[in-house]
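Below are the chains, spelled out letter by letter.
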Amino acid sequence: MYKLAIVVPCYNEEAILKQTTEVLLNLLEELIDRAKINPDSYILFVNDGSRDDTWDILCREHDLSKNINAISLAANVGHQNALLAGLESVMDDCDFAISLDADLQDDISVIEEMIDKYNAGADIVYGVRNDRQTDSFFKRSSAKLFYKFMSAMGVKTIENHADFRLMSARVLKQLSQYNERNLFLRGIIPSMGYKTDRVYYSRKKRTGGKSKYSLGKMIKLAGNGITSFTIRPITLITALGFIIMLLALAAFLYTLISYFTGNTEPGWSSLMISIWFLGGVQLFSIGIVGQYVGKAYFEAKQRPRYDIIENLKHK
């Protein structure tokens with residue numbers, strides 16, 4: 001029987017945390033009773049600088065159960081960094097880890113199937129949604145657009161998969177070698193090349209608290225994924241510049257011909273529109289290139305991605 005660590009990032013989850021803890025402990029007990037996992041398996045909660053009573057609740061739950069560990073980060077570093085902090089904390093103390101969000105919208109009943117696929121030889125098992133019926137029309141549409149856009153940009157992702165996945169200890173150790181500060185785990189992990197499998201499930205509605213992924217954060221996550229994995233936007237800028245250059249040449253030839261045939265007409269509006277258009281293209285292009293320069297700037301600093309200030313662990 002292999003030792004499992006369930007990693008759960010938490011940010012201001014006081015409204016749902018006690019329910020989450022109870023549900024996950026019951027799951028662990030069932031898996032242990034069915035000899036699916038080692039009795040020393042546990043849950044690691046990662047407090048990502050919460051401003052509510054999340055950490056106090058975790059401290060009490062840790063005292064009540066030997067299967068609950070918790071770490072607290074010094075500041076809110078974001079979901080991806082908090083998740084990485086948890087995964088790196090357990091990689092030397094488990095045979096495989098499963099990550100999921102504290103809201104339990106991911107269907108934990110498929111975790112047993114994940115374990116079976118791990119036992120069959122898979123190093124990574126992705127939890128993939130088979131429908132998005134619980135999402136609003138806007139979220140379903142934006143998610144579909146997100147995956148298509150990422151694919152067009154050359155970023156390898158698993159469609160309808162977030163961060164609900166199983167990873168073996170050797171994958172976790174290899175993941176710890178990835179030192180970039182602008183994390184996009186949904187792109188990093190599919191690119192690692194280990195044997196993978198999938199389980200499918202229906203995502204549930206959140207039973208308490210609020211989603212921490214606003215539209216702004218989702219756009220930022222997508223931007224991180226693109227600029228961390230591909231230079232295709234810069235390639236597209238180069239192509240756009242070449243096309244505009246050809247259009248400018250064509251316009252020049254047309255003007256020259258019109259001049260000799262006597263068909264020239266004054267065109268203040270067309271001139272100004274051309275100037276504004278080219279100016280906008282230039283500013284947009286500089287902005288995209290600046291994103292890459294800025295990412296290189298932050299990567300060069302090599303600042304720590306997180307700082308663990310408290311670690312509650314049963315011996």
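Please refer to the structure placed before this passage.
Residues numbered from 1 in each chain as written. Predicted model: local features only at pLDDT ≥ 70, side-chain atom pairs only at ≥ 80, totals over all residues. Heavy atoms only, no water.

A. Broad picture of the side chain of Lys 3. If you trace the backbone, Lys 3 turns up in the segment before strand 1 (4–10). Among the residues examined, Lys 3 registers a relative accessible area of 18% and is labelled buried. Sequence-distant contacts of Lys 3, that is, excluding residues within four places in its chain, are made with Asn 38, Asp 40, Ser 41, Tyr 42, Asp 93, Cys 94, Asp 95 and Phe 96. (Helix = DSSP H or I, 4+ residues; strand = E, 2+ residues; numbered from the N terminus. Buried < 20%, exposed > 50% of the residue type's maximum accessible area, 1.4 Å probe, protein only. Contact = heavy atoms within 4.5 Å.)

B. Highlighting unusual backbone geometry. For Ala 35, which is not glycine, the phi torsion reads 60 degrees and is therefore positive. With respect to the secondary-structure elements, Ala 35 resides in the loop between helix 1 (17–33) and strand 2 (42–47). Of note, the phi angle at Leu 104 is positive, near 55 degrees, even though the residue is not glycine. Tracing the sequence through the fold places Leu 104 in the loop between strand 4 (96–99) and helix 4 (111–119).

C. Local environment of the sheet that holds strand 2. Judged by pairing direction, the sheet is mixed, and its eight strands sit side by side in the order 7-5-6-4-1-2-3-8 without closing on themselves. In this open sheet, the two edge strands, each paired with only one partner strand, are strand 7 (196–201) and strand 8 (308–312). Along the sheet, successive strands turn relative to each other by an average axial angle of 20 degrees, direction set aside. By the bridge criterion, four bridges tie strand 1 to strand 4 in an arrangement that is parallel. The residue bridging Ile 6 from the neighbouring strand is Ile 98, located in strand 4. (Pairing = 2+ DSSP bridges. Axes fitted to C-alpha atoms, helices over the stretch in contact; angles between N-to-C directions.)

D. Structural view of the packing of aromatic side chains. Within the structure shown, the criterion is met by three aromatic pairs. The interplanar angle of 85 degrees and the centroid separation of 5.5 Å between the aromatic rings of Tyr 2 and Tyr 118 together place this pair among those described as edge-to-face. Taken together, the residues span a long stretch of sequence, with Tyr 2 in the segment before strand 1 and Tyr 118 in helix 4 at a distance of 116 residues. When its relative accessible area of 42% is taken as the criterion, Tyr 2 is described as partly exposed. Taken together, the ring pairs in this structure connect Tyr 2, Phe 96 and Tyr 118 into an aromatic cluster. (Phe/Tyr/Trp six-rings, centres within 6.5 Å; stacked < 30°, edge-to-face > 60°.)

E. Examining helix 1 more closely. With 17 residues, helix 1 ought to run about 24 Å at 1.5 Å a step, and its terminal C-alpha atoms sit 24 Å apart, in line with that. Buried residues of helix 1: Leu 17, Thr 20, Thr 21, Leu 24, Leu 27, Leu 28 and Leu 31, and no others. Each buried residue of helix 1 sits inside an arc of 130 degrees when the element is viewed along its axis, so together they form one side. Opposite the buried face of helix 1, by more than 90 degrees, sit the exposed residues Lys 18, Glu 22 and Asp 33. (Expected span 1.5 Å × (residues − 1). Arc of directions from axis to C-beta.)

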